[in-house]
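Listed below are the residues making up each chain.
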Amino acid sequence: MRFRATVENVTTFFRVIQSVEKLQKKCIIKFTETTMHIICNNDANEEGFKQIKVDSLFTNYHIQSNSNNEITMAIFSEPLLATLKSASASNSAIETEEVIMKLAKKNDHAMLSFEISGITRSGRKVRVAHDVKIEVMKPTDVARLSEPLCPEPDVHILLPPLQKLRTIVDRLRSMSDVLAIRANNTGKLQVAIDTESVKVETEWKNCTNPKTQDEELDELATDPPDPDKMFTVLVSLRSFLKFLNSYVVSTTTIACVCQHHCMILYVYIGDVADAGGVLTFYIPAIIDDEGR
């Protein structure tokens with residue numbers, strides 16, 4: 001089993017792991033010949049699946065294993081984040097020139113080892129090594145990993161910039177634990193809370209509704225669905241805030257509402273047409289007192 005790569009885009013790698021660390025302290029990373037997959041879930045049934053093209057982050061990428069040249073590892077996100085932070089351009093201690101990431105074994109423990117080469121302010125060349133302990137997973141355990149089954153979404157809608165949305169939702173945190181998200185197929189999006197003491201609603205109009213192939217077929221039907229109908233999902237406000245931390249890598253975000261079931265969110269790294277990767281988040285619905 002061999003693995004070695006040059007981390008070419010340290011900043012994006014750092015931001016991806018930053019969004020993971022907010023969701024889960026321990027995650028699973030699967031490296032294949034073409035993609036890096038990151039999987040995380042927690043006790044609240046929040047799940048994140050991230051698929052990123054290798055060439056959008058790495059160069060000189062070499063992987064070899066007996067499992068179709070795939071290597072899957074469980075890793076704590078916090079020490080990985082700290083390592084990438086020390087290698088990023090914002091690190092004032094040294095000017096980073098090269099970051100090598102490789103699989104290693106030290107004291108009978110598997111490690112994801114990082115060698116950071118750079119120059120200090122005084123012009124002296126330095127090399128810093130960081131080892132992040134990992135657990136290499138067996139192929140039988142990897143085979144059990146899969147994305148949750150969800151019904152066909154009732155509506156797809158492009159979200160406003162996540163950082164602006166995060167500011168609004170963060171202000172609601174002290175007022176409610178439950179967030180209602182509503183959307184329709186005419187570009188209307190609503191974010192609301194409704195408690196005994198307060199009701200707050202923020203609405204966006206003229207958002208884009210990306211069309212899927214099934215929706216295009218529905219439009220050709222003799223009795224197409226009402227585009228003004230609002231579809232609603234109630235979710236944990238804290239869970240939605242965790243997802244909004246992905247604003248650090250977001251360019252375009254598509255939200256899919258499966259009414260009274262879940263919300264699926266796709267965060268694209270780069271343009272949708274040629275994205276360097278996509279982060280997929282699943283947030284389960286909260287069932288209200290009426291059983292919805």
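What counts as what
Residues numbered from 1 in each chain as written. Predicted model: local features only at pLDDT ≥ 70, side-chain atom pairs only at ≥ 80, totals over all residues. Heavy atoms only, no water. Patch = residues over 30% accessible without salt bridge, like charges linked within 9 Å, V, L, I, M, F, W, Y side chains within 5 Å. Areas by Shrake-Rupley, 256 points an atom, 1.4 Å probe, with all protein chains shown as cover. Salt bridge = Lys/Arg side-chain N within 4 Å of Asp/Glu carboxyl O. Lys, Arg positive; Asp, Glu negative; His and termini not counted. Charge placed at Lys NZ, Arg CZ, Asp CG, Glu CD. Helix = DSSP H or I, 4+ residues; strand = E, 2+ residues; numbered from the N terminus. Buried < 20%, exposed > 50% of the residue type's maximum accessible area, 1.4 Å probe, protein only. Pairing = 2+ DSSP bridges. Axes fitted to C-alpha atoms, helices over the stretch in contact; angles between N-to-C directions. Contact = heavy atoms within 4.5 Å. Polar contact = N/O pair within 3.5 Å; in protein donor to acceptor, adjacent residues only side chain to side chain. Disulfide = S-S within 2.5 Å. Parallel < 35°, antiparallel > 145°, perpendicular 65-115°, else oblique. Left-handed = near helix turned anticlockwise from the far one by under 90°. Nonpolar A, V, L, I, M, F, W, Y, C, P; charged D, E, K, R; others polar. Expected span 1.5 Å × (residues − 1). Phe/Tyr/Trp six-rings, centres within 6.5 Å; stacked < 30°, edge-to-face > 60°.

### Topic: a negative patch on the surface
At step 1: Where like charges cluster on the molecular surface, the negative patch consists of E8, E95, E97 and E98.
At step 2: Tracing the backbone shows E98 in strand β7 (residues 94-106).

### A few points about the pattern of salt bridges
Note that side chains of opposite charge can pair when their charged atoms are close.
At step 1: Taken as a whole and judged by the stated rule, the model has seven salt bridges.
At step 2: With a shortest N-O distance of 3.5 Å, E70 and K30 are connected by a salt bridge. Note that E70 is positioned in the loop between β5 (58-64) and β6 (71-76) and K30 in strand β2 (residues 26-31), a separation of 40 residues in sequence.
At step 3: Residue class for E70 comes out partly exposed when judged on its relative accessible area of 28%.
At step 4: One salt bridge connects R182 with E201, and the closest N-O pair in it is separated by 3.1 Å. Of this pair, R182 sits in strand β11 (residues 178-183) while E201 sits in strand β13 (residues 199-204), and the two are 19 residues apart along the sequence.
At step 5: With relative accessibility at 22%, the residue R182 sits in the partly exposed group.

### Notes on the sheet that holds β13
Backbone-to-backbone hydrogen bonds pair the strands of a sheet. The strands run either parallel or antiparallel.
At step 1: In space, the four strands of this open sheet follow the order β13-β12-β11-β14, with antiparallel pairing throughout. The open sheet has two free edges, formed respectively by β13 and β14 (231-236), since each of these has just one partner strand. Strand after strand, the sheet turns through a mean of 20° between neighbouring axes, direction not considered.
At step 2: In the sheet, strand β12 (residues 189-194) pairs with β13 via six bridges, with the strands oriented antiparallel. From the neighbouring strand, D194 faces β13, where its bridge partner is K199.
At step 3: Against the sheet, helix α6 (residues 237-244) engages β11, β12 and β14, with an angle of about 90° to β14.

### Here we look at the environment of N184
At step 1: On the secondary structure map, N184 appears in the loop between β11 and β12.
At step 2: Classification of N184 by relative accessible area gives buried; the value is 2%.
At step 3: Put simply, N184 and I157 are 27 residues apart on the chain and 8.0 Å apart in space, counted from C-alpha to C-alpha.
At step 4: With sequence-adjacent residues up to four places away left out, N184 is seen in contact with V155, I157, N209, P227, D228, K229 and M230.
At step 5: Looking at N184, its side chain comes within polar contact range of the side chain of T186, at 3.0 Å.
At step 6: Among the polar contacts made by the side chain of N184, one reaches the main-chain amide nitrogen of G187 at a distance of 3.4 Å.

### A look at the state of the cysteines
At step 1: One pass over the full model with this rule turns up zero disulfides.
At step 2: Of all cysteine sulfurs in the structure, the one in C262 sits closest to C150, which takes part in no disulfide; the separation is 3.6 Å.
At step 3: C150 gets classed as partly exposed once you look at its relative accessible area, which sits at 30%.

### Details of the packing of helix α1 (residues 10-23) against helix α2 (residues 77-87)
At step 1: In the contact formed by α1 and α2, the axes pass within 9 Å of each other and the chain directions differ by 155°. When the axes of α1 and α2 are compared, the pair comes out roughly antiparallel. Note on packing geometry: the crossing formed by α1 with α2 is left-handed. For the pair formed by α1 and α2, the contact residues are V10, F13, F14, I17, Q18, V20 and E21 on the first element and S77, E78, L80, L81, L84, K85 and A87 on the second.
At step 2: Across the contact of α1 with α2, the residue classes break down as nine nonpolar, two polar and three charged.

### Describing α1
At step 1: Counted at 1.5 Å a residue, the expected span for α1 with its 14 residues is 20 Å, and the 20 Å between its end C-alpha atoms agrees.
At step 2: Within the sequence span of α1, burial applies to V10, T12, F13, F14, V16, I17, S19, V20, E21 and L23.

### Things to note about the side chain of T280
At step 1: The topology assignment puts T280 in strand β17 (residues 277-284).
At step 2: Residue class for T280 comes out buried when judged on its relative accessible area of 6%.
At step 3: In this view, T280 contacts E47, G48, F49, E147, I264, L265 and Y266; residues no more than four positions away in its chain are not counted.

### With respect to the packing of aromatic side chains
At step 1: Enumeration according to the criterion identifies eight aromatic pairs in this entry.
At step 2: With a centroid separation of 4.5 Å and an interplanar angle of 35°, the aromatic rings of F3 and F31 are classed as tilted. Here F3, found in strand β1 (residues 2-7), pairs with F31, found in strand β2; they are 28 residues apart in sequence, far enough to count as distant. Here F3 and F31 have matching classes, each one buried.
At step 3: Between F240 and F243, the aromatic rings sit 5.5 Å apart at their centres with planes inclined by 40°, giving tilted as the arrangement. Remark: F243 and F240 occur in helix α6; sequence separation between them is three residues, near one turn of the helix. Each of the two residues, F240 as well as F243, counts as buried.
At step 4: What links up through ring pairs into an aromatic cluster is the set F3, F13, F31, F58 and Y61.

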